[in-house]
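# Commentary on secondary and tertiary structure
Spelled out from the first residue to the last, the chains are:
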Amino acid sequence: MNKKITDSGIEIKRIYTQNDVSKVPPPEGFGEAGEFPFTRGIQPDMYRGKLWTMRQYAGFSTAEESNNRYHYLLSQGVSGLSVAFDLPTQIGYDSDHELAEGEVGKVGVAIDSLEDMELLFKDINLQDISTSMTINATAFILLALYVALAKKQGADLSTLTGTIQNDILKEYAARGTYIYPPKPSMRIITDVFEWCSKELPKWNTISISGYHIREAGSTAVQEIAFTLSNGKAYIKAAMEKGLDINVFGKRLSFFFNAHNNLFEEVAKFRAARRMWANIMKDAGATDEKAMMLRFHTQTGGSTLTSQQAMNNISRVTIQTLAAVLGGTQSLHTNGYDEALNLPTEEAAGIALRTQQIAAFESGIADTADPLGGSYFVESLTNEVETEAWKLIEKIDAMGGSVTAIEQGFIQNEIAKSAYEYQQKIESGEKIIVGVNKFKNEQNILPPSFKIDDSIRQLQIDKLKLLKQKRDNKKAFACLQIIKDNAINGENLMPAVIDAIENYCTLGEISNTLRTVFGEYK
């Protein structure tokens, strides 16, 4: 009989029985949804009480163009926005910087100043929506921009809800959009934790991301092991700053990938919840809400194919099922055309409808943890957890995630898995429909959506005008205060918000901190 294994290399038996569940730890049994260690979900009734937040990740070109897409998505029934930023914004360069050439508005929206933020959310009340921002090295600046805009709208900051990704460790390990070295980067992150705990109590101050680790080629087991290890590093940094784990712990969130191996993905999400609950308990948390692993999911970008692109609708549907059956709190579904270009409005609409059909027509939201008690799923949950703990123990023995990244351990493990997976595709051992099997002679491409290079000039013109009309004396004084606070260790957030309100640009703030912290090479 053919041997079957998951993408993480876990062997699948022909059939599972009660014995397969009882012989593997942990001792908690199936437990209840909403109770420690939350294997079955963080809410007692899960989606019966409230459906997951349906987000659509969008951002491209100028703030005005992205604002039009947000209004379209809100009109189609999304319950939360998710903002994509272009590369210059992600690595702290204004659109007029020489390194921004060719990248402005391409993989996300260009945001240089509060003026852009005002246009991005024009006619959208920030108190009425939950906003997720996929941003890391400059996350504190984008949060300051969001807060400054909310204040202009007259919002009560204590009611604002949303998330900044703010997860710099996975940038060093898997993605590369870092600016400063690890230590000052961790300091900025804990400044955000501290400031938000007092001023933005409902805001998720970090989204510890396994998504990009998986996109870089990790297995499902590595995704949760490396992500939870990074989570441990953030807990340690926050506690060393004197923050209360029962307070900041409630505002930690996670961001995972959903791939096509349905049962392994469900097992991964269930195992991650149980593992995090125990990690937080062991770190000293006593409030169960601080032990809950709350997570956003995005369907797997790296699983999408440019060949027979319409097949991606089926892939995204399977991944949607995995995320919901696994108990996600919010979900973004990819457009079928994203292997080729930014999603067209049609593709984004189909992606959202996929979530809505799952929610309202499939019945998967009617009961908490519908696959709980399955001999196969429970056994696979235990095996995924066992394998993930082995990796975490290796990282702990090195001194934790920061050291493991500095030594290249995590990067090497991901690269090795990516290489092995690609070898399986090329040999035909791993079948990708339309790519290495069931191919068509003609590959019909869907309509494409490209960004014009003239966007950069529009942004440059706006920046010139902004710097002419703002009070430059005030702006430069604000930048000096940021520099002073960076040197003397004061929390950076109040000074950054003040600078934003005086129309300092993202690039100016980033460059001010580069003079103090340096750049990571």
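In this report, the structure presented in the accompanying data block is examined.

## Topic: the packing of helix H7 (residues 182–199) against helix H19 (residues 493–501)
At a closest axis distance of 10 Å, the pairing of H7 and H19 adopts a crossing angle of 85°. In terms of axis orientation, H7 runs roughly perpendicular to H19. Judged by residue contacts, Asp-191, Val-192 and Trp-195 of H7 engage Met-493, Pro-494 and Ile-497 from H19. Of the residues in the contact of H7 with H19, the class split is 5 nonpolar, no polar and 1 charged.

## Digging into the nonpolar core
Met-117, Phe-121, Met-133 and Ile-509 are the most contacted members of the largest nonpolar core, which totals 140 residues. Top contributing element to this core by residue count: helix H5 (residues 139–152), with 12 residues.

## Description of the environment of Pro-446
Structurally, the position occupied by Pro-446 is in the loop between helix H16 (409–427) and helix H17 (455–469). Note: C-alpha distance between Pro-446 and Leu-119 (327 residues apart in sequence) is 30 Å. Those residues in contact with Pro-446 that sit more than four places away from it in its chain are Ala-309, Tyr-336, Asp-337 and Leu-340.

## A closer look at helix H13 (residues 345–361)
Look at H13: 23 Å from first C-alpha to last across 17 residues, which is about the 24 Å you get at 1.5 Å a residue. All of the buried residues in H13 are Ala-347, Ala-348, Gly-349, Ala-351, Leu-352, Thr-354, Gln-355, Gln-356, Ala-358 and Ala-359. Residue Gly-363 follows H13 closely and has a positive phi angle near 85°.

## Here we look at the pairing of strand S9 (residues 252–258)
Of all 7 residues that make up S9, 7 are buried, and the element is covered over most of its length. Because side chains alternate across S9, one face comprises the buried residues Leu-252, Phe-254, Phe-256 and Ala-258, and the other comprises Ser-253, Phe-255 and Asn-257, equally buried. As paired elements, strand S8 (residues 206–209) and S9 share 4 bridges and run parallel to each other. Residue Ile-206 lies in a different strand from S9, and its bridge partner there is Leu-252. Between the parallel elements S9 and strand S10 (residues 295–299), the chain passes through helix H11 (residues 262–283) in a crossover that is right-handed.

## What about the sheet that holds S9?
If you walk across this open sheet you meet the 9 strands as S7-S6-S5-S4-S3-S11-S10-S9-S8, and the pairing is parallel. The open sheet is flanked by strand S7 (203–204) and S8, the only strands paired with a single partner. Looking at chain direction, S10 and strand S11 (residues 330–332) are connected through 3 bridges and run parallel. Bridge assignment links Thr-297 to a residue of S11, and that residue is Leu-331. Of the strands in this sheet, strand S3 (53–58) and strand S4 (80–84) are in contact with helix H2 (residues 63–76), which crosses S4 at around 155°. H13 rests against S3 and S11 of the sheet, and its axis sits at about 170° to S3.

## Some thoughts on a nonpolar patch on the surface
Taken together, Ile-431, Val-433 and Phe-438 make up a surface patch of nonpolar side chains, about 270 Å² in accessible area. By the secondary structure assignment, Val-433 is in the loop between H16 and H17.

## Quick word on helix H20 (residues 506–517)
Here H20 is 12 residues long and its end C-alpha atoms lie 16 Å apart, about the 16 Å a rise of 1.5 Å per residue gives. The element H20 is extensively covered by neighbouring structure, given that 9 of its 12 residues are classed as buried. For H20, the complete set of buried residues consists of Leu-506, Gly-507, Glu-508, Ile-509, Ser-510, Thr-512, Leu-513, Arg-514 and Phe-517. Against helix H3 (87–90), H5, H7, H17, helix H18 (472–488) and H19 lie the buried residues of H20.

Definitions and cut-offs
- Along each chain, residues carry numbers from 1 onward, in the same order as the chain's sequence is written.
- Owing to the predicted nature of the model, reporting of local features is limited to residues with pLDDT of at least 70; listing and counting of side-chain atom pairs is limited to 80 or more, with chain, interface and lining totals taken over all residues.
- As a rule here, side-chain values cover all heavy atoms of the structure and leave hydrogens and water aside.
- To obtain each axis, a line is fitted to C-alpha atoms, and for helices this fit is confined to the stretch in contact; angles are then taken between N-to-C directions over 0 to 180 degrees.
- Runs of E in the DSSP output that reach at least two residues are strands. Runs of H or I that reach at least four are helices, and both are numbered from the N terminus.
- Should an angle fall under 35 degrees it is called roughly parallel, over 145 degrees roughly antiparallel, and 65 to 115 degrees roughly perpendicular, with every other angle called oblique.
- Here, residues are in contact when the closest pair of their heavy atoms is within 4.5 Å.
- When residue character is reported, Ala, Val, Leu, Ile, Met, Phe, Trp, Tyr, Cys and Pro are called nonpolar, Asp, Glu, Lys and Arg charged, and the others, Gly included, polar.
- Here the nonpolar core consists of buried residues drawn from Ala, Val, Leu, Ile, Met, Phe, Trp, Tyr and Cys, with membership extended through side-chain atoms lying within 4.5 Å.
- Partly exposed describes any residue whose relative accessible area lies between the buried limit of under 20% and the exposed limit of over 50%, with all areas from a 1.4 Å probe on protein chains only and scaled to the type maximum.
- Any helix carries an expected span of 1.5 Å times its number of residues minus one.
- A pair of strands is treated as paired once DSSP finds two or more bridges between them.
- A right-handed crossover is one whose linking path, passing over the helix from the first strand to the second, runs clockwise when the strands point away from the viewer.
- For patches, a residue must show more than 30% relative accessible area and have no salt bridge; joins then use 9 Å for like charges and 5 Å for nonpolar side chains, namely Val, Leu, Ile, Met, Phe, Trp and Tyr.
- Each accessible area value is a Shrake-Rupley result obtained with a 1.4 Å probe; residue values ignore everything except the protein chains displayed when judging cover.
- Here, a salt bridge means any side-chain nitrogen of Lys or Arg that lies within 4 Å of a carboxyl oxygen of Asp or Glu.

Remember that the coordinates give geometry; whether it matters functionally is a separate question.
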